[in-house]
Amino acid sequence: MALINKNAANIFATVVSNKRVGQYHQLIVNIGEQANFCKPGNFVAISVGGENSRMVLRRAFAISRVSTSTTVGGTMELIVAPHGQGSRWLCSAQEGAELDVIVPLGSGFGIPTEPVHVVLVGGGYGSAPLFGLAEVLNARGCRVDMLLGASTASKIYAPMEGKRAVNSLRIYTEDGSMGQAGRVTDPISEMISQSDIAVIYSCGPMAMLSAIDSLTRGTDVVHQCAVEESMACGIGICMTCVLPVATEDGSIKMLRSCIDGPVMDGSHVQWDKVGKAL
Amino acid sequence: MALINKNAANIFATVVSNKRVGQYHQLIVNIGEQANFCKPGNFVAISVGGENSRMVLRRAFAISRVSTSTTVGGTMELIVAPHGQGSRWLCSAQEGAELDVIVPLGSGFGIPTEPVHVVLVGGGYGSAPLFGLAEVLNARGCRVDMLLGASTASKIYAPMEGKRAVNSLRIYTEDGSMGQAGRVTDPISEMISQSDIAVIYSCGPMAMLSAIDSLTRGTDVVHQCAVEESMACGIGICMTCVLPVATEDGSIKMLRSCIDGPVMDGSHVQWDKVGKAL
Amino acid sequence: MTQLDFSTTLGNAWFPTPTFTASGCASSGRELAQFFDLATIGGVVTKSVMSKARSGRPTPRMAETPSGMLNSIGLQGPGIDEFLAKDVPYLTEQKARIIVSIAGETVEEYAMLARKLRSVSGISAIEVNISCPNVENRGLVFACDPEASRRVIDGVRRTIGGELPIIAKLSPDVTDLVSIARGVVDAGADALALINTVLGMVINLETLRPHLGGKTGGLSGPAIRPIAVRAVYQVHAAMPQVPILGMGGISTGRDALEMIAAGASGVSIGTASFGNPFAIVKVQDELKQLLVAKGFTSLREAIGFAHRPESE
Amino acid sequence: MTQLDFSTTLGNAWFPTPTFTASGCASSGRELAQFFDLATIGGVVTKSVMSKARSGRPTPRMAETPSGMLNSIGLQGPGIDEFLAKDVPYLTEQKARIIVSIAGETVEEYAMLARKLRSVSGISAIEVNISCPNVENRGLVFACDPEASRRVIDGVRRTIGGELPIIAKLSPDVTDLVSIARGVVDAGADALALINTVLGMVINLETLRPHLGGKTGGLSGPAIRPIAVRAVYQVHAAMPQVPILGMGGISTGRDALEMIAAGASGVSIGTASFGNPFAIVKVQDELKQLLVAKGFTSLREAIGFAHRPESE
Ligand SMILES: Cc1cc2nc3c(=O)[nH]c(=O)nc-3n(C[C@H](O)[C@H](O)[C@H](O)COP(=O)(O)OP(=O)(O)OC[C@H]3O[C@@H](n4cnc5c(N)ncnc54)[C@H](O)[C@@H]3O)c2cc1C
Ligand SMILES: Cc1cc2nc3c(=O)[nH]c(=O)nc-3n(C[C@H](O)[C@H](O)[C@H](O)COP(=O)(O)OP(=O)(O)OC[C@H]3O[C@@H](n4cnc5c(N)ncnc54)[C@H](O)[C@@H]3O)c2cc1C
Ligand SMILES: Cc1cc2nc3c(=O)[nH]c(=O)nc-3n(C[C@H](O)[C@H](O)[C@H](O)COP(=O)(O)O)c2cc1C
Ligand SMILES: Cc1cc2nc3c(=O)[nH]c(=O)nc-3n(C[C@H](O)[C@H](O)[C@H](O)COP(=O)(O)O)c2cc1C
Ligand code: FES
Ligand code: FES
């Protein structure tokens, strides 16, 4: 029995809906039974460009939420930013289109056993997996504060229904077009010092994750971050997606963010060594 | 002013309809004003596979007929056989889809100035351009006999309305599933000897064209054939589509079938040297 | 379906099917086991292992290109000792046939790796990846230097003895592939693996600098298939008796048949597995069907078919 | 739009824009004149002309491959005399800038072609296509042999005198491109054209034989772009003072900018014109816009940008 990529399956999944939300597209995709295996933090790998595509690699997207009680079977939600050719192709997928998806992949966020105080920090489409996470944490009785940031209002993804599971939500935009002007990392130090935060969950650009790591360093706060590295395979066979991470024996190893991540302990990641030779 | 590719334009043309006819697809495509420049024998070159296609070359298709009096603007009809990836993609084009087309290209069939007796011979989808040609010849007062052949019934393309312009139509299939069992070239010798045929127009597989050439050799019958060679560009710039042809000075030259053809004088083509080095 | 003998041999190693993973494109094998049973394919070619653990090149390590990709992994891996302690036993347990790929920076390192492998049971063959920079000679890649290529294979051959087949894996980035192939066969290679990646580069349009951490990378995938088919054809024409493990852009049974007709006795599937974890199984099934449809009764008859005169 | 100096030079030849046709991909120029005014692009590189008329290789001469194509035209053409009588006057009349590509089977044939071109007016430069089989040396391609490459360029340089810039066009199918580049520059080349096609093959799945009449063919198109960018980068790194005409898979302004950042002073567009007759005009327009958007005030600033340290 396989331990790596356990539960992952390659399926043809139908697009149930595709809605534009700000600068993103919200895709609901029918993944049937596989929805049962998806945990907050997991991602999917999708073939792009269709049958005659010159794009040979899959694209990775965080699973924003899953729903196992819909009439169409289990569904997952993706929040897709039209970035390059592949993601633009996905954003143009129409209702009823079939997607070639491997689901679920990667590690999930660790969930505390106690009802502790947690902060969820999302940058851009990085907020996507946090809403599903918030629901789980909320169900565990955690106090969930959420901070979302982006360069501008249209890059904030914060659906109404998602807010139900959070105790507070603060939004930051660099241009001040929504919420407060500033960065999502601005309030974190104060929050850490003024309350009993046990865990910070983060997802967003690497620079944001690294900044949060600096802010949590030397504190008792655990930092669980979902990293984003270029991935050729998403299943652990290519070694392209590596990050320098401190391992138990104290040595620093290049770990694959697709199978040893995307959720990692932020304090183990050697942020200053990312993109450098060890 | 350019002499080669004169009147050719690169346009985005909308698919008006796509109907399956036997093993072929009949596509009606809106080419607007360009319809005015299309002559029987001309072809078009179409980009295939969409935006992210790994197919870098256009595909060539004979213009079957044009209509300049439709409500949607000028249209052309194509008869497409699903052969490989590119033609299959085209066969799956839906109504309203946009095609990137260069139209018209290549030489056209020469039309006699007198109302002579002509025979039109089509193999497989090679019959497509013959119906438009028949209309022109018929209007000139020619007697038009048509012979169509294919391996089997579903590869015979012979639309009802096309038959109006011909005086007679005989169909041959190799498996006898439609018309007479046999080859379209079977009756030609007898027809030549028993009547006053001035021109044979042909379009179909190279082996058929070559066979007709043998049958017309030594007779007074002119053989105008539309050849089909692999084309990378369709506009005369790549030199891939050449055929050995006798030129006026008696020498044999490798001529481009995209601009010196596809319609050529069958007696000038050196059929025995096709695919060989000169 | 008529009976088809789908088996193949590389040197004295026998395999029930001719479809293999490509080195560096299946990691330790464990990662693919969720998708298919490793025992059902021809064999697993492991990622190139070196004497010591290596952390590889800085990221980004990949760039997608039209119908292909560049990688600059830089042979990240655990080193031979951990590899023998963990990966080989796992694969053996899965009943997978194993071809171990080795890589070194000196002729001596290759020989040392061969020494460690000599007595390990459960290994079908050794693939010697000589597309590595030779630290003793200005970092010139072994596979680009006929003499260095020969010396590596000679060293491995002497160390390993006569039992285990040696497959020398060559680079296409050379002026005269056939002479390099001849050299390594003379030095004792039983088979050849063709082709390793083609050296390439992508410039990042944001920074206008080389995109990869390692600046240049290896081009793989369908884009290079015509280069790989040509390489296999050329080498098979020159040395029809030497078995070739063909690779480079294979992702369908048709692609595999092209390679086999050009002269390959088996095929490795690399980049295609990144896009489709079942790629090897798919290629294997499609190839089998194609051979039967074309009336072959054994894979062997199809090997090098493209070299026979048209009249046959 | 800010003022952009879009001009470039190759040796002492000046061009208002850096976008050219690729040799063999624009025929005589007449064929493209229906689509755009030949005077509006940097220049027309004519198809390689030899001393005598040639009918080229048997058909099929092309095979499409993933994101690319193979061709085996075999230098079909009218021969230098007819070329000078018909094609050069036509292009001159169109006010197109002309780079004449020449090819030969012997060192003497190249020199003879140069002699015929020496006194022809209206030619901006000569591109010397040395990817031809050398009949005096077992058909070994000139460009794959440093000494033969050097001798061809030396012969052309001596014959043509000092006026007309010589652009030596190299093949990527070599172990050490930089040393070949150095050799031809030492022999008198003012600039380099990189890259010619990569040798490849496609097997026809019906016949199971090589698809092309010439068996092997040259791979071109987006598939080879990473190889071309690498080649340009390597050669520019070694000889930053030598202008390079970069080509291989360019079909957008982004592709052209990649090539220019890697070190090219100009770009040729080949295969892309087959899919889109306006490709050169499109590349030219897009490149211009990109340069402006990135804040460059001249093309010159962007040439070789990828070689500057990241801090800049
Ligand atoms: C674990 C994970 C989760 C992700 N979740 C989301 C999400 O929820 N929503 C979303 O919009 N995007 C997400 N991304 C980023 C997304 O994968 C990229 O935007 C996408 O791959 C870009 O592909 P493209 O063809 O549009 O761009 P191109 O730039 O043309 O892509 C070229 C190549 O680079 C890779 N690449 C480019 N940008 C990225 C990137 N930022 N991260 C990883 N690979 C990249 C592509 O996979 C492709 O192989 C996630 C990435 C990872 C690794
Ligand atoms: C002047 C002309 C007129 C044509 N008219 C018609 C028509 O009316 N209806 C029709 O169904 N087909 C027609 N064809 C053939 C049609 O162009 C091919 O079937 C088509 O190009 C195959 O492309 P593919 O991607 O489906 O096949 P693939 O085999 O995947 O194509 C691979 C490459 O080979 C070329 N190729 C393959 N087969 C042919 C062929 N028979 N002729 C030329 N190039 C080929 C393709 O253009 C492509 O570049 C015509 C061809 C020419 C030259
Ligand atoms: C990510 C990656 C890593 C690779 N690592 C190795 C390696 O460790 N050793 C080796 O011999 N080849 C390595 N290769 C080359 C492949 O084994 C193969 O020769 C090449 O990719 C061509 O096949 P493909 O097009 O099917 O991928 C690697 C290729 C890729 C894409
Ligand atoms: C059909 C065809 C014909 C070519 N003929 C020549 C030629 O005559 N002389 C030459 O130097 N290069 C020739 N080339 C090579 C191109 O000039 C160019 O170097 C190569 O195709 C890479 O560029 P591309 O990918 O933009 O096509 C030819 C290429 C093709 C595709
Ligand atoms: S993406 Fe391939 S190993 Fe992680
Ligand atoms: S198809 Fe290019 S010259 Fe005819």
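Predicted model, so just to flag it, every value in this text is computed and none were measured.

Attention now moves to the overall build of chain A. Tallying secondary structure elements over chain A gives four helices and 16 strands in all. Against the 2.2 N^0.38 benchmark of 19 Å for 278 residues, chain A shows a C-alpha radius of gyration of 18 Å, consistent with a compact globule. Dimensions of chain A, computed from C-alpha atoms along their principal axes, come out at roughly 55 × 45 × 35 Å. A buried classification covers 54% of the 278 residues belonging to chain A. Within chain A, contacts between residues separated by at least 24 positions form 63% of all contacts whose residues are at least 6 apart in sequence. Accessible area for chain A stands at about 11,500 Å²; split by element, carbon and sulfur atoms hold 49% of it. For chain A, the distance from the average site of its 21 positive side-chain charges to the average site of its 24 negative ones is 4 Å.

Next up on the list: the overall build of chain C. Helix and strand content of chain C: nine helices and 16 strands. With the principal axes as the frame, chain C shows a C-alpha extent of 50 × 50 × 40 Å. Looking at chain C residue by residue over its 312 residues, the buried ones come to 66%. Of the contacts made within chain C by residues no fewer than 6 positions apart, 71% connect residues no fewer than 24 positions apart. Of the roughly 10,200 Å² that chain C leaves accessible, carbon and sulfur atoms contribute 50%. For chain C, the centre of its 29 positive side-chain charges and the centre of its 29 negative side-chain charges are spaced 3 Å apart.

What follows is about the interface of chain D and chain C. Opposite the 45 residues of chain D that make contact, chain C presents 45 residues. Across the chain D to chain C interface the summed buried area is about 3,900 Å²; carbon plus sulfur atoms make up 63%. Together, Leu-205, Leu-208 and Arg-209 of chain D form the three largest contributors to the area buried by chain D at its contact with chain C, with a combined 19%. Where chain D meets chain C, there are zero salt bridges. At the junction of chain D and chain C, the tally comes to 15 residue pairs in polar contact (both at pLDDT 80 or more). Elements represented by at least two residues in the side of chain D that touches chain C include exactly strand E11 (198-200), helix H5 (225-238) and helix H6 (253-262) of chain D.

What follows covers the sheet that holds strand E4 (residues 59-62) of chain A. Residue and element names in this part refer to chain A. One open sheet holds the seven strands; their spatial order is E4-E3-E7-E1-E2-E6-E5, and the pairing between them is antiparallel. In this open sheet, the two edge strands, each paired with only one partner strand, are E4 and strand E5 (65-67). Between one strand and the next, the sheet's axes are offset by a mean angle of 35°, whatever the strand orientation. Relative to strand E7 (residues 98-105), strand E3 (residues 43-46) is paired through three bridges, and the arrangement is antiparallel. Note on E7: the bridge partner recorded for Ile-46 is Val-101.

The next point concerns unusual backbone geometry. Cis geometry marks the peptide bond from Gly-261 of chain A to Pro-262 of chain A; its omega dihedral reads 10°. Of note in this structure, Leu-75 of chain C is not a glycine but carries a positive phi near 55°. Summarising the element assignment, Leu-75 of chain C is placed in the loop between strand E6 (68-71) and helix H1 (80-93). Of the residues examined, Leu-75 of chain C reaches a relative accessible area of 24% and is grouped as partly exposed.

Let us look at helix H4 (residues 177-186) of chain D. Because an α-helix completes one turn every 3.6 residues, residues spaced three or four positions apart along the sequence face the same direction. All names here are of chain D. Burial runs high along H4: seven of the ten residues are buried. Listed as buried for H4 are Leu-177, Val-178, Ile-180, Ala-181, Gly-183, Val-184 and Val-185. Each element contacted by the buried residues of H4 is listed here: helix H3 (146-160), strand E9 (166-169), strand E10 (191-194) and H5. Where H4 terminates, the next one or two residues include Gly-188, which has phi positive at roughly 120°.

Ligand 2 sits among 19 residues. The nearest are Ala-60, Ile-79, Ala-81, Ser-87 and Glu-228 of chain B. Looking at what sits near ligand 2, you find residues from chains B and D. Between ligand 2 and Gly-84 of chain B, the relevant distance is 2.8 Å, taken from an oxygen atom to a main-chain nitrogen or oxygen of the residue. A distance of 2.5 Å separates a nitrogen atom of ligand 2 from a polar atom in the side chain of Glu-228 of chain B. Elements with a minimum of two residues in the shell around ligand 2: strand E4 (59-62), strand E6 (75-80) and helix H1 (85-91) of chain B. Classifying every residue of the shell around ligand 2 gives ten nonpolar, six polar and three charged.

Mapping chain D onto chain C is achieved by rotating through 180° and translating by 0.0 Å along the same axis, at an RMSD of 0.0 Å. The superposition operator between the copies reduces to a two-fold rotation axis. Taken together, the interface assignments show that 100% of the residues at the interface of chain D recur at the interface of chain C, consistent with an identical surface on both copies.

This next bit is on the domain arrangement of chain A. The parts lose accessible area when they come together, and the size of an interface is often stated as this lost area. Residues and elements named next belong to chain A. Assigned domains of chain A: these are domain 1 (9-105) and domain 2 (117-273). Carbon and sulfur atoms supply 66% of the area that domain 1 and domain 2 bury against each other, a total of about 1,700 Å² over both sides. Summed over the shared surface of domain 1 and domain 2, the number is zero salt bridges. Linking domain 1 to domain 2 there are five residue pairs in polar contact (both at pLDDT 80 or more). Those elements that place two or more of their residues in the side of domain 1 that touches domain 2 are strand E2 (24-30), E4 and strand E6 (75-80). Residue classes in the side of domain 1 that touches domain 2 are distributed as eleven nonpolar, five polar and three charged.

For the rest of this paragraph, the subject is the site of ligand 1. Taken together, 19 residues are adjacent to ligand 1, and Ala-60, Ile-79, Ala-81, Ser-87 and Glu-228 of chain A come closest. Lying at an intersection of chains, ligand 1 is approached by residues of chains A and C. A distance of 2.7 Å separates a nitrogen atom of ligand 1 from a polar atom in the backbone of Ile-79 of chain A. A distance of 2.8 Å separates an oxygen atom of ligand 1 from a polar atom in the backbone of Gly-86 of chain A.

Between its first and last C-alpha atoms helix H2 (residues 107-118) of chain D spans 17 Å; for twelve residues at 1.5 Å apiece the expected length is 16 Å, and the two agree. The elements touched by buried residues of H2 of chain D are helix H1 (80-93), strand E7 (98-102), strand E8 (123-129) and H3 of chain D.

For the rest of this paragraph, the subject is the side chain of Ser-23 of chain C. Residue and element names in this part refer to chain C. Counting through the fold element by element, Ser-23 comes out in the loop between strand E3 (19-21) and strand E4 (44-45). In terms of polar contacts, Ser-23 uses its side chain to reach the side chain of Ser-101, at 3.3 Å. Ignoring anything within four residues of it in the chain, the contact list for Ser-23 reads Val-45, Thr-46, Lys-47, Ser-48, Ser-101, Glu-127 and Lys-169.

Attention now moves to the interface of chain A and chain C. With 34 residues of chain A at the interface, the matching set in chain C holds 31 residues. Carbon and sulfur atoms supply 62% of the area that chain A and chain C bury against each other, a total of about 2,800 Å² over both sides. Three residues, Val-56, Ile-237 and Met-239 of chain A, lead the burial of chain A against chain C; their summed loss comes to 24% of the area buried on that side. With its nearest N and O atoms 2.6 Å apart, the salt bridge here joins Arg-59 of chain A to Glu-64 of chain C. Our count for the chain A to chain C interface comes out at twelve residue pairs in polar contact (both at pLDDT 80 or more).

The next thing to look at is the sheet that holds E9 of chain D. All names here are of chain D. Ordered by their spatial adjacency, eight strands build an open sheet running E3-E14-E13-E10-E9-E8-E7-E4, and the pairing between neighbours is parallel. Of all the strands in the sheet, just strand E3 (19-21) and strand E4 (44-45) have a single pairing partner and so form its edges. Summarising the sheet, E3 and strand E14 (residues 266-269) pair through three bridges and their orientation is parallel. Within E14, the position partnered with Thr-21 by the bridge is Ile-269. Along the sheet, helix H8 (residues 279-293) makes contact with E3 and E14, crossing E3 at roughly 170°.

Residues and elements named next belong to chain D. It is the contact of H4 with H5, at a shortest axis distance of 9 Å, that shows an interaxial angle of 55°. One way to sum up the angle between H4 and H5 is to call them oblique. In this structure, the crossing between H4 and H5 has a hand that is right-handed. On H5, the residues that touch Leu-177, Val-178, Ala-181 and Arg-182 of H4 are Ala-231, Gln-234, Val-235 and Ala-238. In terms of residue class, the contact of H4 with H5 is built from six nonpolar, one polar and one charged.

What counts, and where the lines are drawn
Residues numbered from 1 in each chain as written. Chains lettered and ligands numbered in written order. Predicted model: local features only at pLDDT ≥ 70, side-chain atom pairs only at ≥ 80, totals over all residues. Heavy atoms only, no water. Helix = DSSP H or I, 4+ residues; strand = E, 2+ residues; numbered from the N terminus. Rg over C-alpha atoms; globule rule 2.2 N^0.38 Å. Buried < 20%, exposed > 50% of the residue type's maximum accessible area, 1.4 Å probe, protein only. Contact = heavy atoms within 4.5 Å. Areas by Shrake-Rupley, 256 points an atom, 1.4 Å probe, with all protein chains shown as cover. Lys, Arg positive; Asp, Glu negative; His and termini not counted. Charge placed at Lys NZ, Arg CZ, Asp CG, Glu CD. Buried area = accessible area lost by both parts, 1.4 Å probe. Salt bridge = Lys/Arg side-chain N within 4 Å of Asp/Glu carboxyl O. Polar contact = N/O pair within 3.5 Å; in protein donor to acceptor, adjacent residues only side chain to side chain. Pairing = 2+ DSSP bridges. Axes fitted to C-alpha atoms, helices over the stretch in contact; angles between N-to-C directions. Near = heavy atom within 4 Å. Nonpolar A, V, L, I, M, F, W, Y, C, P; charged D, E, K, R; others polar. Least-squares fit on C-alpha atoms with pLDDT ≥ 70 in both. Domains from an automatic or database assignment. Expected span 1.5 Å × (residues − 1). Parallel < 35°, antiparallel > 145°, perpendicular 65-115°, else oblique. Left-handed = near helix turned anticlockwise from the far one by under 90°.

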